[in-house]
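Structural characterization, general
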Amino acid sequence: MDENQYRTLIRSIGISSGLIPTSIQQDRVNSFNVLEQFKHYNKVVPKKSQGQQPNDLVNAMRVAKSCLDLLSAGSHQLDNVNLTTPTKLYALSGIAEFVRTRYYVEYIQESDRTSLRASILAAARNILLGSNTASSTNPHLAAASAEQAILGSKIASLLSNMIVNDFPQRWMNLYGDVFLPGETGLWSLDAKVCMKALSYVVEDCTDSEFNAKISTSRRNDVLIGLNEISSQLLPQMFALLSDQYSTLSSCRERMGQMIEFLATQNRTIHQMTTDEQNEYNSVNSKYQAAVCLLSQCLATCERFCAYMPLDWMVCVASKTIVTPTHDFVSAYLHMLRDKEKSIHINSAACLDALSLRKLEKEAWLKFMTSLPNAIAEANNEHMKQGNNNPSMSEEDMLVEQLSFHRALSKLLSQILSSHIQYLTTDKEIMKGTGEKVQSLGTFLQLMTEMVGHPSGHLCAEQINIWTTLLRDPQISKKQWMMPFLPRVLVAYIDHMVRIRWEDIYEGTHKFSAIVEESWDGKEEYESWLCNIRSKGSLLLRLIAKTDPEQAASILNTRVQNVLTNHGNGQPGDNLNPQTKGLTQLSYANIQFEGLQQPLDNILNGLPAWSLQAETGSNNGYPVDLKRAKIRTSVRSSLSQLANSLISWIPTDAWLRHRRAAMLENLKYVWKYDATTLPQGVDSLLSYLNARNEWESPINCNEPERLSGEVIGLRKKSGLCLVSVAKYIPDLLVPGLEQLCGKAKELLSSNDLIPPNRMHLYEFLSVVATAVEDPLLRSNFVADVLSSSLNDLENDDVKVALNSPDGLIDFLGITEAKRNPASVTDPSNVKRVTHNYCQFYSALNQLLSVGKRCHEAAKKRPNCGIPLQHLQDKSLNQQNFPDEGPVSIRDLAVDDPFIPLWVRILPVLLRTLDVTLGMWHPRFQAALLGNSIQRYAYAISDDEVYISNAQNNAAGGVFGVGGTAGSVVNGWDRRDLNLVPRWSGWLNELRNTCFQLLGLLTNQRVLFAPELASSFAHLVSVVANPDHLKTMEHRHMTQYWKQFLEVLFWSCPSTLYNSHMAPIIRPVFEHMQQRLDWSWAPILESGSASNLDLVLTSRNCECVVEMTSRGDNEWLKSYYARGGLFVGDLDQVKGESVLEKVRVEITRSYCDVIQSALALKGDWALALANQAKQEQAIKKNDPSKLNCGPKTRLNDDLGVPLNADGTPRNINQASLEARQLLRINGLCHFLLLEDEVIAGTLVLTSIQCLSYPDAFTCRRCTRICHRILETVAWAERYANLIGHQLFLPAVRAIVTEPKWMVGMEWDMIGVVRDIYCRLVLGQYLLPGGQGPGLQQVPDVNNKSCFEQTKCVAKPLFGGGILCTASQFPQQVLAGLPGVNSKSINELNERLTRKRSAKDQKDALRDFMQVAAEQLKLTEEGSNGSIHGRAISEESVLNQKIRDASMPVMPEKLHTYKQFLKGEGKKISETENVLGSSRLDNLFE
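Along every chain, residues carry numbers that run from 1 in the direction the sequence is written. Under the rules for a predicted model, residues below a pLDDT of 70 receive no local features and side-chain atom pairs below 80 are neither given nor counted, while totals for whole chains, interfaces and linings still include all residues. Each side-chain value is derived from all of the structure's non-hydrogen atoms; neither hydrogens nor water enter the calculation.

**Here's the deal with the overall build of the chain**
The condition is simple: In this text, helices come from DSSP runs of H or I with a minimum length of four residues, and strands from runs of E with a minimum of two, each type numbered from the N-terminal end. Summary of the burial criterion: residues with accessible area below 20% of their type's maximum are buried, those above 50% are exposed, and those between are partly exposed, where the area comes from a 1.4 Å probe applied to protein chains only. A contact between two residues is defined here by any heavy atoms of the two lying within 4.5 Å. Areas reported as accessible are Shrake-Rupley estimates using a 1.4 Å probe. Residue values count occlusion only from the protein chains shown.
For the chain, the count of helices and strands is 62 helices and four strands. Each of the 1483 residues in the chain was classed as buried or not, and the buried ones make up 52%. Counted over contacts in the chain with a minimum sequence separation of 6, partners at least 24 positions apart contribute 74%. Accessible surface for the chain amounts to roughly 66,900 Å². Of this, 52% is attributable to carbon and sulfur atoms.

The following block contains the structure:
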């Protein structure tokens, strides 16, 4: 590089760094190009093992040499501008890029590599020495230190790259070159840079995030090398810590003496003489240098503590390479007392990293014993330093130490949580005696003191460990735990009360400074509060369970205090200026709100024995006096608490709202003491018609408009009533007559809001299910719902349900054409709205009560199974009396709602028929042509909001950025306008009808003999081809989820042909066509854009003529747009809605088919339970029946649990026996009994594999496995599976579309399953799992195999095709680059290695060849959704990807490995020849 090139380069560096100012943009562009061109060379280098030589090695070496020259130069200046630092940074970046390439790793000579490394170290040494000198003499000390830090960090990064590349094989003298102290005692390089480089190396070689950067072998070699030099490095690091801390202490003491001397002469540091100032600056420089070096050394030690062998940091007996004088743990504990530059926090971080490791018990005991004393000493030292500063208050000291205290709280928690096993396995601790218990008590006392810190972060750090301790059945019973629980409980109750952030801004809160330091703002605090409340709920329940006496006492005291201090709204702040009532920000409201969750959690957590009344007998066993005393105390506290809440009669709306919530929590008390239950229920009922607490308007004729607070109170009270009824329905039965009278009185009033009507119906239905007499239950439910049934049978409804025209007129749509102003006429809007609400509310009330009755029936001892008196006690029978038609009378024994279906079903079918009929082409053409009526087919604002994934925090649909008024421009459903209400009404009506159909099926009334005459009519409605064709995608999604899925589960196995086939046969045929035409535009165009498909009010009239024809052309267009009409919505949002409904219907189809094939849902749980039972029998371990999944901790020990961890019902075995019967029967029925159903099901599943939606495709792979397990043995399926299913699966793997990234192994699993069963004579475990289980081939014909024993049991693996099919091999032969030889090799490999991994790898390697050949014929990847995934994402290219720092060709041999090998040789020799030692002479 000549002088001109040098000046051009330096000038470009100056301009790019901003040190040489320029206002011309082109100068900056040119400078950037110069810098890039200077260090440009080809950095993508082939492996040396591939035999190719790089073409750019000389250029790469030139760049490295030039950068090294720039780095070695003393300084760089241009036109009196010092450019040394940016130039050296640029040179370091160029060298670092070269070191990371294969040129450095593989191609340059070892001598050149050694020389380059030495030159880099020499230059770095000179730079760091010059920087240290400059920073010590430079008057601009801060700027010099900043430049030094930047250069040091860059050098450390370069040094770490060199270490990772070369050490230890090629850089054996790393310790001597970098870390060895010289004669002056200084390290070969700057110690701070060395520490930082070590941190980088350790992190790169241990953190999993760098797996792709560094090969595993290289990482292991580096770590082994570091372990070899650790005996030299660690004592030096400890000496560095010791020396620098001594320097820090002596310098601090010297500066303190100087300041004291000045104080005796009434001078300050600003009044020092020149000599005094120089001396003070010199000491201060040493002090600051020691602080910086200590901080960096601790940061490196933290990496060692977290990732390197424990014996590097912890001295345990003789198992350490560190001598006892190098006790890092003691050093960390000692440095907790030093606050300078967060040294105490860094020391705590080192201890925390060690606490997360698996410490030996002795080391753990040392931690637990030493920490409290060390923390106490540190706290005393910090207090002493704070007292020396008169301007610092106690709160200021807490603020200053907040980060340190939080780190300590986390450290204390981690030490226990990571080593909880030492508590439970130590006999001394479990006995509760001895020094260990005292040490543990001191440790827990320190933890509880920190929990009471004003900042909630400290208690949040400990919440997991307290929960863990209390969940352990051994620890929670120990007496040494009890003294700490009250303080912990009080602390968490305190922190669950919301802090009013306005008080923090104004500084009026008691701990404003601490709170402001703890959280960045209100949003962060609210997020933390939600988290602590969520986690704290379990902790409070566990405390109540462990120490019920203290928990009940503390809770009662807290409630009494809040009632006394705030029961009347005191202090009456933040009032509503209009009503003078409390608001959400009022202090009293906040206090009661914060008390609700602790009240609920503690009452829910109290054990049953502490709440039950004394019975006077104990079944012959002696009375537990201790428990009796606790029981008396608990019941007394809770009785006082309940009476206080009952007698508290607030008038403010918000206080009444809080009282309603607290009354709901009393249900846990009422279960055992119902003394105050009637008053509590009366209070909640009275709140359902609560009024505004202020005066009514002057005009009494004008209806009173309820405030938002009162509406919220009414809704909350209704929910509380339902909650109480669900928990203790049997206790409400004695007062059923009075409750019914009050409920009817409320229902007859016009003042009740619709949600409360639903709450009352649900409340009464829940209570009714607790009535023992079936006839009384049924009569009561019929009486409650009589008004709803009458509403469905009035004349207006009958007229509306005569035809779709009647429904259109009923909703005011017809009138809109004759008189457009009618849609906004107040009287017309109110009339139509009232009529609709009366009709819809009746249906919805029936649905709500029906669901509640059915849920109660399933919870009965017989699980809702009818005809239990006819059941055989044996569960192994295959024919059950109830697996067929069951009369309504028998069904009504468990479910009182069932007799009402005789009146409900005709209205339901008419409603569904006319509602779906509105979408027939004749009506669509008529209404879409009118500018107002067309909005009856529009989507709702809520659907737009959901499809665009808005943020609910902004206020939802009607909030900021919401979608209200986007479909009907400028109008939403809250306005006095019918048009935006139509879409929501029709959605509600259709959804309710589908749910009622599902309820009809789930309650098995659909299969009752009494409804046999109505079944044909039902089929003509629910399976009407015209209805199916004209449903929108969103309608069809609801149809599948709410009706068909329930039909699959509920239909008895003996009625599949008579009751299921007539419904699902036309539906399956229709779905194949619908999904095909829906995805056709996407598959044909290769784009996910739907802009040209969306139907809006702007292009609506264009489709009217085609709609009127109703032919296939219209259906293709209709399905392509999902049947949607998006009104005035913009194209972009309309496109997102269309995309959502398209993928939703496809996913819903797959989900329902999965449920039908027992791949998810309740049937999948039944199979999991069966497998769990078989495992328990096989291992002869009944305890496994009482265990849930490992990911779920179960409190109910000894209770039989399902596979998902939920408790089992008494009669659940009978229920599962029927489920298993239906699982096998339905699978056989769907795939082997009806050709139309089976064919369309399989073909539709095959289609779904090609749709660009990973969710759908992944679920279809599971469906395909179940299909194979069921029908692979059938010859008639050979072509369908071996060609039509195998071809798209192979195509998806070979073409590697982007949308399939992440699920390639699932698709390879399908290919493997097909190929093994149809070609190789192997069958797999269910789901394509496990190895290929080879069947015996025929002696005379190797392509014929013996059938499996489980051919008729798909749930056990299914069967195979006995005669090998050629279809799969023909598909593979059609791939590019594949011939018969490669197919034979594949067959041989799949037969020889049959494990799942080996077979999948074989198929992956086979298809990778075809994919590479196919790439050569492609024009290139495009931006479409079908574009090929890049090689980094591709599963097929996993084996050819390589780490950026590859494996080193030299093999690592360490001295320890040599000694180990020699010892092994000696041992082997002794075993063969006998030992030559004298002690064997006389043996």
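**So, the packing of helix α60 (residues 1380-1392) against helix α61 (residues 1396-1417)**
Worth spelling out the cut-off: Inter-axis angles, ranging from 0 to 180 degrees, are taken between N-to-C directions of lines fitted to C-alpha atoms, where helices are fitted over the stretch in contact. Between 65 and 115 degrees an angle is taken as roughly perpendicular, under 35 as roughly parallel, over 145 as roughly antiparallel, and anywhere else as oblique. What makes a crossing left-handed is the near helix being turned counterclockwise from the far one by less than a right angle; a clockwise turn instead makes it right-handed.
The N-to-C vectors of α60 and α61 enclose an angle of 165 degrees; their axes lie 9 Å apart at closest approach. By the angle class used here, α60 and α61 are roughly antiparallel. Regarding α60 and α61, the two cross each other, and that crossing is right-handed. For the pair α60 and α61, contact is made by S1382, I1383, L1386, R1389 and L1390 and by Q1399, D1401, A1402, L1403, D1405 and F1406, respectively.

**Side note on the nonpolar core**
Put simply, the rule is: Among buried residues, the Ala, Val, Leu, Ile, Met, Phe, Trp, Tyr and Cys ones that are joined through side-chain atoms within 4.5 Å form a nonpolar core.
Counting 439 residues, the largest nonpolar core has W466, Y1039, W1040 and L1230 as the members making the most contacts within it. Looking at this core, the element that brings in the most residues is helix α10 (residues 216-264), giving 15 residues. Not counting residues within four places of it along the chain, the set of residues in contact with L1230 comprises F1048, I1064, F1068, A1156, L1157, I1237, A1238 and L1241. Grouped together as the second largest cluster of nonpolar side chains are five residues, Y1323, F1345, C1350 and I1360 included.

**A short note on the environment of L189**
Along the polypeptide, L189 turns up in the loop between α8 (174-179) and α9 (191-206). Ignoring any residue separated from it by four or fewer positions in sequence, one finds L189 in contact with L121, A124, R125, L128, L159, V178 and C194.

**Thoughts on the pairing of strand β3 (residues 1322-1325)**
The following threshold applies: For two strands to be treated as a pair, DSSP must find no fewer than two bridges joining them.
The pairing of β3 with strand β4 (residues 1329-1334) spans three bridges and is classified as antiparallel. Bridge assignment links Q1322 to a residue of β4, and that residue is Q1334. Linking β3 to β4, which pair antiparallel, is a turn of three residues; within it G1327 sits at a positive phi near 80 degrees.

**Some details on the side chain of R1317**
Topologically, R1317 is positioned in helix α58 (residues 1304-1320). Excluding residues that lie within four positions of it along the chain, R1317 makes contacts with L1268, E1269, A1272, Q1322, Y1323, L1324, G1357, G1358, G1359, I1360 and L1361.

**Points about the pattern of salt bridges**
The condition is simple: By definition, a salt bridge exists where a carboxyl oxygen of Asp or Glu is found within 4 Å of a side-chain nitrogen of Lys or Arg.
Under the counting rule described, the total for this entry stands at 61 salt bridges. Here K39 and E97 are joined by a salt bridge, their closest N and O atoms 3.6 Å apart. Of this pair, K39 sits in the loop between α2 (25-38) and α3 (57-72) while E97 sits in helix α4 (residues 84-99); the two residues are 58 residues apart in sequence, bridging distant segments of the chain. In this structure, D751 and R691 form a salt bridge, with 3.3 Å as the shortest nitrogen-oxygen distance. A residue pair is termed long-range when its members are at least 10 positions apart, and D751 in the loop between α33 (736-748) and α34 (754-768) and R691 in the loop between α30 (677-687) and α31 (708-727) qualify at 60 residues. With a relative accessible area of 43%, R691 lands in the partly exposed category. One salt-bridge network, in which partners are shared between bridges, spans R1389, K1397, D1401, R1404 and D1405.

**Looking at the state of the cysteines**
Such a bond, covalent and formed between the sulfur atoms of two cysteines, is termed a disulfide. The line we're drawing: Sulfur atoms of two cysteines make up a disulfide when they are within 2.5 Å.
This structure, assessed with the given rule, holds zero disulfides. Unpaired in terms of disulfides, C350 finds its nearest cysteine sulfur in C305, a separation of 4.8 Å.

**Some remarks on the confidence of the model for the chain**
Convention followed: Residue-level confidence of the predictor is what pLDDT reports, using numbers from 0 through 100.
Overall, the prediction assigns the chain a mean pLDDT of 87, with 89% of residues at 70 or greater. Scored below 50 in pLDDT, residues 317-324 shows 16 contacts in the model against residues more than four places distant or in partner chains.

**A short note on helix α43 (residues 921-928)**
Among the eight residues that make up α43, six are buried, leaving the element largely enclosed by the rest of the structure. Turning to α43, its buried residues number three or more, namely P921, F923, Q924, A925, L927 and L928. Contact partners of the buried residues in α43: α38 (804-810), α39 (813-818), α42 (901-917), α47 (1025-1030), α50 (1104-1109) and α51 (1112-1120).

**Quick look at the packing of α33 against α34**
Relative orientation and spacing of two packed helices are given, respectively, by the angle between their axes and the distance between those axes. Selection rule: Side-chain classes are defined by residue name, with Ala, Val, Leu, Ile, Met, Phe, Trp, Tyr, Cys and Pro counting as nonpolar, Asp, Glu, Lys and Arg as charged, and the others, Gly among them, as polar.
Look at α33 against α34: their axes get within 11 Å of each other, and the N-to-C directions meet at 165 degrees. With respect to their mutual orientation, α33 and α34 come out roughly antiparallel. Like other packed secondary-structure pairs, α33 and α34 cross with a definite hand, here left-handed. In this structure, α33 contributes L736, L739, C740, A743, L746 and L747 to the contact, and α34 contributes R757, L760, Y761, F763, L764 and V767. Here the contact of α33 with α34 is built from residues that sort into 11 nonpolar, no polar and one charged.

**Points about the environment of V1290**
Here V1290 lies in helix α57 (residues 1278-1295). Expressed as a C-alpha distance, the spacing of V1290 and I1308, which sit 18 residues apart in the sequence, is 7.9 Å. With residues near it in sequence (within four places) discarded, V1290 still touches V1311, V1371, L1372, L1375 and M1407.

**Section: the environment of L1129**
Inspection of the secondary structure puts L1129 in the loop between α51 and α52 (1131-1156). Look at L1129 and you get buried, because its relative accessible area is 1%. It is 7.9 Å that separates the C-alpha atoms of L1129 and V968, two residues lying 161 residues apart in sequence. Sequence-distant contacts of L1129, that is, excluding residues within four places in its chain, are made with I939, V944, S966, V967, T1096, R1098, G1134 and V1137.

**Points about the packing of aromatic side chains**
Our working rule: Two rings belonging to Phe, Tyr or Trp (six-membered ring only in the last case) form a pair when the distance between their centres is within 6.5 Å. Interplanar angles under 30 degrees mark stacking, angles over 60 mark edge-to-face geometry, and anything in between is tilted. A ring is considered to have a charge above it if a Lys NZ or an Arg CZ atom is located within 6 Å of its centre and within 35 degrees of its normal.
With the rule as written, the count across this model stands at 31 aromatic pairs. Judged by centre distance (6.2 Å) and plane angle (80 degrees), the ring pair of F98 and Y104 falls under edge-to-face. The same class applies to F98 as to Y104, namely buried. Ring geometry for W519 and Y525: centres 5.0 Å apart, planes at 75 degrees, overall edge-to-face. A relative accessible area of 1% means that Y525 is categorised as buried. Put simply, the rings of W501, Y505, W519, Y525 and W528 pair up and form one aromatic cluster. The ring of W609 carries R627 above its face, with NZ or CZ at 4.2 Å from the centroid. Here the basic side chain of R1218 rests over the ring of F880, its NZ or CZ set 4.2 Å away from the ring centre.

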